[in-house]
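Each chain is listed here by its residues.
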Amino acid sequence: MITNLQFYQGTKNDPYENLALESFFLQNNPPDTCICYLWQNQKTVVIGKNQNAWRECSVELLESEGGRLARRLSGGGAVFHDLGNLNFTFIAPLADYSVSRQLDVICRAVEQFGLGIQKSGRNDLLANGRKFSGNAFQKSRRCGCHHGTLLVDTDLAQMSRYLTASAEKLQSKGVSSVKSRVVNLKDLCPSITIERLSQAILYAFGQVYGLSVQSIPKTEIDWERVRKKADVLSSWQWRYGKDIPFSFELSHRFFWGEILLRFVVNSGRTVKVQVFSDAMDTDFIERIPVLLQDLPVSFSAFAEALSPLAEKPQYASMVIDLQRFLKSSSQIKQGDEIR
């Protein structure tokens, strides 16, 4: 039985520290205690534990504009965070872990602003039929973690630019774009703010569980452990090179012929590249796989690797065409798992 409620409000906007702090709470939650943790990230795409970063996000666009990509420890889909979004986390012992009860906290908080809320499926909350909150879950040996997003005043245009949901996924939701599927709470209730919503969640937390809420002092957090975990979560290996074998292909028709580039990737690097083309210059085509071998999966890196081909004047314009195409590519096609 839950006999203690604890609350922590994050003060930094770093996704790696915030996720590391969440992990710390999960591993160190006191018995009979439920923790509510509120936090924010600045311009971040967070993908699920087993997702392909390049399929879910326009990674290079995000990073070129000062954003960051993070991979969380839970499953589920990709989400966009900015300072118009509020993230919540509930952590409770497995015996008292209740997604329904935890969602009741969020629903009651939002309903304080006069909005009607609907639960959709297992992990979405809707207002006026549009999604404002997505949720994901993970468990340790002792505790469960339930976290989610709350769109208050998020830049939906940026969200649409950075998230690359497949057409099939959008069609399954009955929408034509990421942006058309979601809604900001502020559009439905102009008086709502991050600060007011945070206060409403804190109040609803105590109300739903019928207990007083105690703040977690910063001195009770092992910040050195949090820092070390953040270092892992911010590493290339965790974010991009996680051992999820996958393949993708890119194709385009140029005036000089059609080209299909097929990549086999493991641990975030190309292990095999095949190129198919009806171009007349067979030598040009046959040199491409060699240049793209054993590279980190980065369209900019692919484009730069082709530069030596331009040393032959007859190939210069073809190289420019390919480099422009690679740098602008966002259509990644998931293939069969490579074993």
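Let me sum up the structure you'll find in this document. Given the structure is predicted, the values throughout are model-derived calculations rather than measurements.

1. Focus on the overall build of the protein
Logical step 1: Summing up its helical and strand segments, the protein has 14 helices and 14 strands in all.
Logical step 2: Expressed as lengths along the three principal axes of its C-alpha atoms, the size of the protein is roughly 75 × 40 × 30 Å.
Logical step 3: Out of the 339 residues in the protein, the part that is buried amounts to 52%.
Logical step 4: A total accessible area of about 15700 Å² is found for the protein, and carbon and sulfur atoms account for 49% of it.
Logical step 5: Charged side chains in the protein number 40 positive and 35 negative. The centres of these two groups are separated by 5 Å.

2. Concerning the packing of helix H4 (residues 99-111) against helix H9 (residues 194-209)
Logical step 1: Their axes nearest at 8 Å, the elements H4 and H9 cross at an angle of 130 degrees. Put simply, H4 runs oblique to H9. Remark: the crossing between H4 and H9 carries right-handed chirality. Judged by residue contacts, Arg-101, Gln-102, Asp-104, Val-105, Ile-106, Arg-108, Ala-109 and Val-110 of H4 engage Leu-197, Ala-200, Ile-201, Ala-204, Phe-205, Gln-207, Val-208 and Tyr-209 from H9.
Logical step 2: For the contact of H4 with H9, the class distribution of residues is eleven nonpolar, two polar and three charged.

3. Comments concerning the environment of Leu-62
Logical step 1: Structurally, Leu-62 is set in helix H3 (residues 59-64).
Logical step 2: For Leu-62 and Val-271, which are 209 residues apart along the polypeptide, the C-alpha to C-alpha distance reads 25 Å.
Logical step 3: Excluding residues that lie within four positions of it along the chain, Leu-62 makes contacts with Lys-43, Val-45, Cys-57, Gly-67, Arg-68, Leu-69 and Tyr-162.

4. Description of the sheet that holds strand E4 (residues 68-71)
Logical step 1: With mixed pairing, the three strands of this open sheet are ordered in space as E4-E3-E5. The sheet is open, and its two borders are formed by E4 and strand E5 (79-81), each paired with just one other strand. Taking each pair of neighbouring strands and ignoring which way they run, the sheet shows an average axis angle of 25 degrees.
Logical step 2: Docked against the sheet, helix H1 (residues 15-28) engages strand E3 (44-47) and E4, running at close to 20 degrees with respect to E4.

5. Points about helix H12 (residues 282-291)
Logical step 1: Listing the buried residues of H12 in full gives Phe-284, Ile-285, Ile-288 and Pro-289. Buried residues of H12 fall within an arc of 140 degrees about the axis and therefore sit on the same side. Seen from the open side of H12, the exposed residues pointing more than 90 degrees away from its buried face are Glu-286 and Val-290.
Logical step 2: Among the structural elements, strand E13 (257-266), strand E14 (269-277) and helix H14 (316-328) are those in contact with the buried residues of H12.

6. So, H9
Logical step 1: For H9, spanning 16 residues, the distance from its first C-alpha to its last is 23 Å, which sits close to the expected 22 Å at 1.5 Å a residue.
Logical step 2: Listed in full, the buried residues belonging to H9 are Ile-194, Leu-197, Ser-198, Ala-200, Ile-201, Ala-204, Phe-205, Gly-206, Val-208 and Tyr-209.
Logical step 3: Looking one or two places after H9, you find Gly-210, whose phi comes out positive at around 65 degrees.

7. Here we look at the nonpolar core
A general trend in soluble globular proteins is that nonpolar side chains are found buried together.
Logical step 1: Counting residues in hydrophobic clusters, the biggest one holds 46 residues, and the most contacted among them are Val-45, Leu-69, Phe-263, Phe-284, Ile-288, Leu-292 and Phe-302.
Logical step 2: Looking at which element gives the most residues to this core, the answer is H14, with five residues.
Logical step 3: Contact partners of Leu-292, with chain neighbours within four places excluded, come to Leu-261, Phe-263, Thr-270, Val-273, Phe-302, Ala-305 and Leu-306.
Logical step 4: One finds Phe-113, Phe-137, Cys-189 and Tyr-209 within the second-largest nonpolar core, a separate group that totals 39 residues.

8. Quick notes on the sheet that holds strand E9 (residues 130-139)
Logical step 1: The strand order E7-E8-E9-E10-E6-E2-E1-E11 describes an open sheet built from eight strands, whose pairing is mixed. Every interior strand has two partners, whereas the edge strands, strand E7 (117-120) and strand E11 (213-215), have only one. Averaged over neighbouring strand pairs, the angle between their axes works out to 20 degrees when direction is ignored.
Logical step 2: Sheet topology places strand E6 (residues 85-93) next to strand E10 (residues 143-151); nine bridges connect them, and they run antiparallel. Bridge assignment links Ile-91 to a residue of E10, and that residue is Cys-145.
Logical step 3: Sitting on the sheet, H4 is in contact with E6, E7, strand E8 (124-127), E9 and E10, with an inclination near 150 degrees to E7.

Calculation criteria
- Residues numbered from 1 in each chain as written.
- Predicted model: local features only at pLDDT ≥ 70, side-chain atom pairs only at ≥ 80, totals over all residues.
- Heavy atoms only, no water.
- Helix = DSSP H or I, 4+ residues; strand = E, 2+ residues; numbered from the N terminus.
- Buried < 20%, exposed > 50% of the residue type's maximum accessible area, 1.4 Å probe, protein only.
- Areas by Shrake-Rupley, 256 points an atom, 1.4 Å probe, with all protein chains shown as cover.
- Lys, Arg positive; Asp, Glu negative; His and termini not counted.
- Charge placed at Lys NZ, Arg CZ, Asp CG, Glu CD.
- Axes fitted to C-alpha atoms, helices over the stretch in contact; angles between N-to-C directions.
- Parallel < 35°, antiparallel > 145°, perpendicular 65-115°, else oblique.
- Left-handed = near helix turned anticlockwise from the far one by under 90°.
- Contact = heavy atoms within 4.5 Å.
- Nonpolar A, V, L, I, M, F, W, Y, C, P; charged D, E, K, R; others polar.
- Pairing = 2+ DSSP bridges.
- Arc of directions from axis to C-beta.
- Expected span 1.5 Å × (residues − 1).
- Core = buried A, V, L, I, M, F, W, Y, C linked by side-chain atoms within 4.5 Å.

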